[in-house]
2 protein chains.
Amino acid sequence: MQNLVSVPVDIAYRLFNLGATALVGAAAEGRCDIMPATWNCPLDYGPSKVTLVLDKCHYTRELVEKSGYFALMLPGKAVAKQVMQLGTVSKHDDAEKIEKVVAGGAELFNLPGTDIPMMRGCAAYAVFKVIPQKENEEKFDLFIGECVAAWADKRVCNEKAHWNFAGCDDLRTLHYVAGGHFFVIGDELNLPEYD
Amino acid sequence: MQNLVSVPVDIAYRLFNLGATALVGAAAEGRCDIMPATWNCPLDYGPSKVTLVLDKCHYTRELVEKSGYFALMLPGKAVAKQVMQLGTVSKHDDAEKIEKVVAGGAELFNLPGTDIPMMRGCAAYAVFKVIPQKENEEKFDLFIGECVAAWADKRVCNEKAHWNFAGCDDLRTLHYVAGGHFFVIGDELNLPEYD
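Residues numbered from 1 in each chain as written. Chains lettered and ligands numbered in written order. Predicted model: local features only at pLDDT ≥ 70, side-chain atom pairs only at ≥ 80, totals over all residues. Heavy atoms only, no water.

I'd like a rundown of the overall build of chain A, residues and numbers included.
The helix and strand tally for chain A stands at four helices and twelve strands. Its C-alpha radius of gyration of 16 Å places chain A within 12% of the 16 Å reference for a compact globule of 195 residues. Projected onto the principal axes, the alpha-carbon positions of chain A cover approximately 50 × 35 × 35 Å. Taking all 195 residues of chain A together, 59% fall into the buried category. Within chain A, residue pairs in contact and separated by at least 24 positions form 67% of the contacts whose partners lie at least 6 positions apart. (Helix = DSSP H or I, 4+ residues; strand = E, 2+ residues; numbered from the N terminus. Rg over C-alpha atoms; globule rule 2.2 N^0.38 Å. Buried < 20%, exposed > 50% of the residue type's maximum accessible area, 1.4 Å probe, protein only. Contact = heavy atoms within 4.5 Å.)

Below, the structure written as structure tokens:
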């Protein structure tokens with residue numbers, strides 16, 4: 001819980017407004033996996049909901065379907081290498097995927113109330129309960145989750161989910177395009193609300 | 001079409017991988033509207049699909065439902081003021097909303113094959129045909145669209161939807177958080193694909 005502050009589930013959607021690439025974590029039956037997912041998006045607030053695209057080929061999807069829960073983490077710039085590693089190897093092909101990423105420098109830890117492993121170096125963490133939608137899941141690989149808990153790293157975010165990355169470049173969010181090509185979130189821009 | 005290059009619909013989803021705040025445009029029965037929407041996300045490729053959250057209160061939603069089409073534009077930093085303006089006033093409350101934004105400096109133009117007005121100063125433009133999903137639309141305000149045409153500004157993006165914002169800060173994408181608080185997309189980060 002080092003550096004983490006709890007974010008109310010009603011406003012946790014704001015963590016995902018930046019449109020950052022997330023890590024998806026899931027655990028079931030003593031198994032776990034973590035994979036990157038750029039296709040995540042807020043869907044609602046009070047409590048917050050998100051959409052998440054999980055292709056049928058992903059090991060993580062089976063764990064989400066078995067447990068009914070997934071976590072989203074927003075990895076920072078300093079762990080971009082681990083994000084690539086988690087996205088390049090499937091646990092279907094290498095049962096030791098997570099152990100190898102840990103051997104490569106990733107640190108995993110637990111948060112209260114969930115057995116989903118979290119990766120250090122993320123700007124925010126949230127746990128979602130799946131709202132089952134069979135047609136969306138089968139036809140579009142689209143999952144809907146409702147937030148049950150959320151945390152942000154207080155070095156870059158407060159309990160109202162307002163970001164301030166100045167002075168902590170390592171936690172700037174990643175925005176993946178394709179082929180190992182990311183952008184990092186940049187400067188803030190404050191505009192008066194229009195009258 | 002000044003500065004715009006066509007992006008194949010199969011890979012147009014990549015334009016939305018950055019997770020940027022979009023403008024949603026729609027037109028029907030001689031009426032049109034443009035509003036910002038942070039909650040947009042890729043859903044599939046070949047041809048590209050996206051999800052888009054459109055609350056029932058939005059004037060734009062009625063136009064999308066009547067026409068079966070919407071456009072997404074990715075406004076750049078230089079038009080952030082117009083984005084705020086388009087998001088603060090509803091055309092339900094002010095029938096002259098669009099004319100006032102134009103009077104405030106926004107420039108609208110047309111692209112081939114669509115009557116949806118586009119706003120200059122965006123890094124990319126795409127038109128989507130709604131794939132009707134009544135339950136998603138009614139229960140979650142969630143629309144699914146399939147890309148029928150896409151363009152990007154060649155000063156910052158090529159026809160493969162690869163971005164390069166160096167030297168053109170005005171077109172850096174906006175990532176909205178809340179209350180007039182945006183972030184602008186920052187530097188790129190290239191990582192080797194992991195072996």
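Please give an account of the interface of chain B and chain A that cites residues and values.
In this complex, chain B contributes 54 residues to the contact, which on the side of chain A involves 54 residues. Roughly 4800 Å² is buried in total at the junction of chain B and chain A, and carbon and sulfur atoms are behind 66% of that figure. Viewed at the interface, chain A and chain B are joined by zero salt bridges. If you look at where chain B meets chain A, you find 19 residue pairs in polar contact (both at pLDDT 80 or more). Elements represented by at least two residues in the side of chain B that touches chain A include exactly β4 (40–44), β5 (49–53), α2 (80–88), α4 (134–140), β10 (142–153), β11 (174–178) and β12 (181–190) of chain B. Element by element, the count of residues in the side of chain B that touches chain A is highest for β12 of chain B, at ten residues. For the side of chain B that touches chain A, the per-class residue count stands at 29 nonpolar, 16 polar and nine charged. Across seven bridges, the pairing between strand β12 (residues 181–190) of chain A and β12 of chain B is antiparallel. In the strand pairing of β12 of chain B, Phe182 of chain A is matched with Leu189 of chain B. (Buried area = accessible area lost by both parts, 1.4 Å probe. Salt bridge = Lys/Arg side-chain N within 4 Å of Asp/Glu carboxyl O. Polar contact = N/O pair within 3.5 Å; in protein donor to acceptor, adjacent residues only side chain to side chain. Nonpolar A, V, L, I, M, F, W, Y, C, P; charged D, E, K, R; others polar. Pairing = 2+ DSSP bridges.)

An account of the confidence of the model for chain A is needed here, citing residue identities and associated values.
Regions with low pLDDT should not have their predicted coordinates read in detail. On average, residues of chain A score 96 in pLDDT, and 98% of them reach the 70 mark or higher. Interface confidence in the predicted complex, given as ipTM, is 0.96; pTM for the same model is 0.96. (pLDDT = per-residue confidence, 0-100.)

Go over the relation of the copies chain B and chain A, please, and point to the residues and values.
In this arrangement, two copies of a chain are superimposed by a rotation about an axis accompanied by a shift along the axis. Mapping chain B onto chain A leaves a residual RMSD of 0.0 Å; the transformation is a rotation of 180 degrees accompanied by 0.0 Å of translation along its axis. Such values leave the two copies arranged in the relation of a two-fold axis. By residue overlap, the copies meet face to face through one surface: 100% of the interface positions of chain B are interface positions in chain A. (Least-squares fit on C-alpha atoms with pLDDT ≥ 70 in both.)

I'd like to hear about helix α1 (residues 59–67) of chain B, residue by residue, with values.
Residues and elements named next belong to chain B. Within α1, the full set of buried residues consists of Tyr59, Thr60, Arg61, Leu63 and Val64. Where α1 is buried, its residues touch β2 (22–28), β3 (31–37), β6 (69–75), β9 (122–130), α4 and β10. A positive phi of about 80 degrees marks Gly68, the residue just after α1.

So what about the side chain of Asp33 of chain B? Which residues, and what values?
Residues and elements named next belong to chain B. Mapped onto the elements of the fold, Asp33 is located in strand β3. A distance of 3.1 Å separates a polar atom in the side chain of Asp33 from a polar atom in the side chain of Thr60. Setting aside residues no more than four positions away along its own chain, Asp33 makes contact with Val24, Gly25, Ala26, Tyr59, Thr60, Leu63, Lys91, Lys97 and Ile98.

So what about a negative patch on the surface? Which residues, and what values?
A grouping of Asp187 and Glu188 of chain A together with Asp187 and Glu188 of chain B is seen on the molecular surface, where their side chains present a negatively charged patch. Put simply, the parts of the chain that give the negative patch at least two residues each are β12 of chain A together with β12 of chain B. Mapped onto the elements of the fold, Asp187 of chain B is located in strand β12. (Patch = residues over 30% accessible without salt bridge, like charges linked within 9 Å, V, L, I, M, F, W, Y side chains within 5 Å. Areas by Shrake-Rupley, 256 points an atom, 1.4 Å probe, with all protein chains shown as cover. Lys, Arg positive; Asp, Glu negative; His and termini not counted. Charge placed at Lys NZ, Arg CZ, Asp CG, Glu CD.)

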